[in-house]
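Listed below, chain by chain, are the residues.
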Amino acid sequence: MQEYETLKRLVDEAADDVSKAQGGNKAAGTRVRKKMQEIKAAAQDVRKKILEGRDGSEGAEGAEGGAGAGGGGGAGGGESE
């Protein structure tokens, strides 16, 4: 799945800057925070893709999957603040 590969790549790209930020490098911290926003969006893309696959194979749960996607997005938004 391309979305998952993108997510893994973004996490790998952040690794060096995370180490630098832990050492007190403020610029690296800023880069990590920016990359984390990209990671969050990529994770949401993976989640949507998984739900599409589930909804496509199970027609009866299609409405439930849609409600779960909305509920999950709301909960995720609350956690990030």
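Chains are numbered independently. Their residues run from 1 in the order of the written sequence. Local features in this predicted model are restricted to residues of pLDDT 70 or higher, and side-chain atom pairs are both shown and tallied only at a pLDDT of 80 or more, whereas totals for entire chains, interfaces and linings draw on every residue. Values shown for side chains rest on all heavy atoms present in the structure; no hydrogens or waters enter the calculation.

Student: I'd love a proper account of the overall build of the protein chain, names of residues and values included.
Tutor: A count of helices and strands for the protein chain gives 3 helices and 0 strands. Runs of E in the DSSP output that reach at least two residues are strands. Runs of H or I that reach at least four are helices, and both are numbered from the N terminus. Traced from its N-terminal end to its C-terminal end, the protein chain shows the element sequence α-α-α. When burial is assessed residue by residue, the protein chain has 16% of its 81 residues classed as buried. Taking the contacts inside the protein chain whose residues are at least 6 apart along the sequence as the reference set, 48% of them involve residues at least 24 apart. For accessible areas, the Shrake-Rupley method is used with a probe of radius 1.4 Å. Any residue's cover is judged against the shown protein chains and nothing else. Looking at the protein chain as shown, the accessible area adds up to about 5700 Å², and 52% of this sits on carbon and sulfur atoms. When accessible area is computed with a 1.4 Å probe and restricted to protein chains, residues below 20% of their type maximum are described as buried, those above 50% as exposed, and intermediate ones as partly exposed. Contacts are assigned to residue pairs that have any heavy atoms within 4.5 Å of one another.

Student: Before we move on, can you summarise the pattern of salt bridges with the specific residues and values?
Tutor: Here, a salt bridge means any Lys or Arg side-chain nitrogen found within 4 Å of an Asp or Glu carboxyl oxygen. Going through the model one piece at a time under the given rule, you end up with 6 salt bridges. One salt bridge connects lysine 8 with glutamate 5, and the closest N-O pair in it is separated by 3.5 Å. Here the residue lysine 8 and the residue glutamate 5 both occupy positions in helix H1 (residues 2-22), the gap between them amounting to 3 residues, near one helical turn. Residue lysine 35 is joined to glutamate 13 by a salt bridge in which the shortest nitrogen-to-oxygen separation is 2.7 Å. With lysine 35 in helix H2 (residues 26-57) and glutamate 13 in helix H1, the pair connects residues that are 22 residues apart, well separated along the chain. Since its relative accessible area comes to 17%, lysine 35 is described here as buried. Each of Arg9, Glu13, Lys35 and Glu38 takes part in one network of salt bridges that share partners.

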